[in-house]
Amino acid sequence: MAKDDWLQKQADAEKMRRLHPKGTSALGWFGNLVTAGAWSIGLIVALTILAGVALFLLARYGSETYVLECPGNVTDTRTPAFYGTTLYLEVTQFRPLVSLWSDDFGNAQAEMPPNFYSYLRMGKAGTAVTLESGASSKGTYRPISRTISLNLDRDMVFDGQCSRRKD
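If you're wondering where the values come from, they're calculated on a predicted model, not measured in any experiment.

**Let's talk about the overall build of the chain**
For step 1, the next point in the chain: On a plain count of helices and strands, the chain comes out with two helices and nine strands.
For step 2, the next point in the chain: Within the chain, contacts between residues at least 6 apart in sequence are counted, and of these 37% link residues at least 24 apart.
For step 3, the next point in the chain: Per element, the accessible surface of the chain, about 12100 Å² overall, is 61% carbon and sulfur.

This is the structure in structure tokens:
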């Protein structure tokens with residue numbers, strides 16, 4: 001009797017191997033669904049981690065920020081008067097990867113103590129960098145000659161020579 005039980009177990013095991021070859025589940029379609037679900041969840045977790053790392057790298061290395069110190073003159077176009085002062089321009093220049101979804105070259109904030117001027121968008125026009133506020137052009141910065149011309153108000157224009165401040 002014990003021998004017959006052993007033969008019966010071997011026959012059942014062979015039958016299961018033939019019905020469910022290696023790589024398929026003994027639970028049938030439900031087992032296959034569970035296995036596919038585990039792979040899907042693993043894939044989603046891996047893609048989420050990959051996206052998180054990509055966003056971290058983009059945030060960390062997606063732009064460069066520096067300060068330009070620009071001594072120059074402010075001219076009032078209503079009168080021939082002008083006076084010397086220093087304009088500080090904090091520039092955030094976008095890296096090439098960011099330009100895939102941004103039309104801007106970067107952004108800047110101008111400050112002439114004690115006045116603070118608006119947030120400026122930077123565009124590229126040949127070798128010059130345009131400074132814009134809203135729909136209107138506010139000025140240009142030319143990196144080759146390091147000169148800037150910026151309309152501060154309707155009647156006031158700043159012209160100066162910039163150098164990168166080392167902090």
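Let's pick the thread back up.
**Some details on the environment of Lys138**
For step 1, the next point in the chain: For Lys138, the position within the fold is in strand E6 (residues 136-142).
For step 2, the next point in the chain: Placed 15 residues apart in sequence, Lys138 and Asp153 show a C-alpha to C-alpha distance of 9.1 Å.
For step 3, the next point in the chain: Look past the residues within four positions of Lys138 in its chain and what remains in contact with it is Leu120, Leu131, Glu132, Ser133, Ser149, Leu150, Asn151 and Leu152.

**Thoughts on the nonpolar core**
For step 1, the next point in the chain: Core analysis: the biggest nonpolar cluster contains 22 residues, and Leu68, Leu87, Leu89, Leu131, Ile148, Leu152 and Phe158 have the highest contact counts within it.
For step 2, the next point in the chain: Within the residue set of this core, elements represented by two or more residues are strand E1 (63-76), strand E2 (82-94), strand E3 (106-112), strand E4 (115-125), strand E5 (128-133), strand E7 (147-151) and strand E8 (156-161).
For step 3, the next point in the chain: No other element matches the four residues that E1 contributes to this core.
For step 4, the next point in the chain: Setting aside anything within four residues of it in sequence, one finds Leu87 in contact with Leu68, Glu69, Cys70, Ala110, Glu111, Met112, Ile148, Leu150 and Phe158.

**Some details on the environment of Asn107**
For step 1, the next point in the chain: With respect to the helices and strands, the residue Asn107 is situated in strand E3.
For step 2, the next point in the chain: Distance in space between the C-alpha atoms of Asn107 and Glu90 is 8.4 Å, their sequence separation being 17 residues.

**Side note on the packing of aromatic side chains**
For step 1, the next point in the chain: According to the stated counting rule, one finds zero aromatic pairs in the structure shown.
For step 2, the next point in the chain: The cationic tip of Arg164 hangs over the ring face of Tyr66; the distance from NZ or CZ to the ring centre is 3.9 Å.

**Here's the deal with unusual backbone geometry**
For step 1, the next point in the chain: One non-glycine residue, Arg146, adopts positive backbone phi at about 60°.
For step 2, the next point in the chain: Considering the arrangement of structural elements, one finds Arg146 in the loop between E6 and E7.

**Observations regarding the pairing of E1**
For step 1, the next point in the chain: Pairing of E1 with E2, which is carried by 13 bridges, proceeds in the antiparallel orientation. Counterpart to Ser63 in the pairing with E2 is Phe94.
For step 2, the next point in the chain: If you look at the hairpin formed by E1 and E2, you'll find five residues sitting between the two strands.
For step 3, the next point in the chain: As judged from the five bridges shared by E1 and E8, these two strands associate in the antiparallel manner. Along E8, the bridge assignment pairs Asn73 with Asp159.

Conventions used here
- Residues numbered from 1 in each chain as written.
- Predicted model: local features only at pLDDT ≥ 70, side-chain atom pairs only at ≥ 80, totals over all residues.
- Heavy atoms only, no water.
- Helix = DSSP H or I, 4+ residues; strand = E, 2+ residues; numbered from the N terminus.
- Contact = heavy atoms within 4.5 Å.
- Areas by Shrake-Rupley, 256 points an atom, 1.4 Å probe, with all protein chains shown as cover.
- Core = buried A, V, L, I, M, F, W, Y, C linked by side-chain atoms within 4.5 Å.
- Buried < 20%, exposed > 50% of the residue type's maximum accessible area, 1.4 Å probe, protein only.
- Phe/Tyr/Trp six-rings, centres within 6.5 Å; stacked < 30°, edge-to-face > 60°.
- Lys NZ or Arg CZ within 6 Å of the ring centre and 35° of its normal.
- Pairing = 2+ DSSP bridges.

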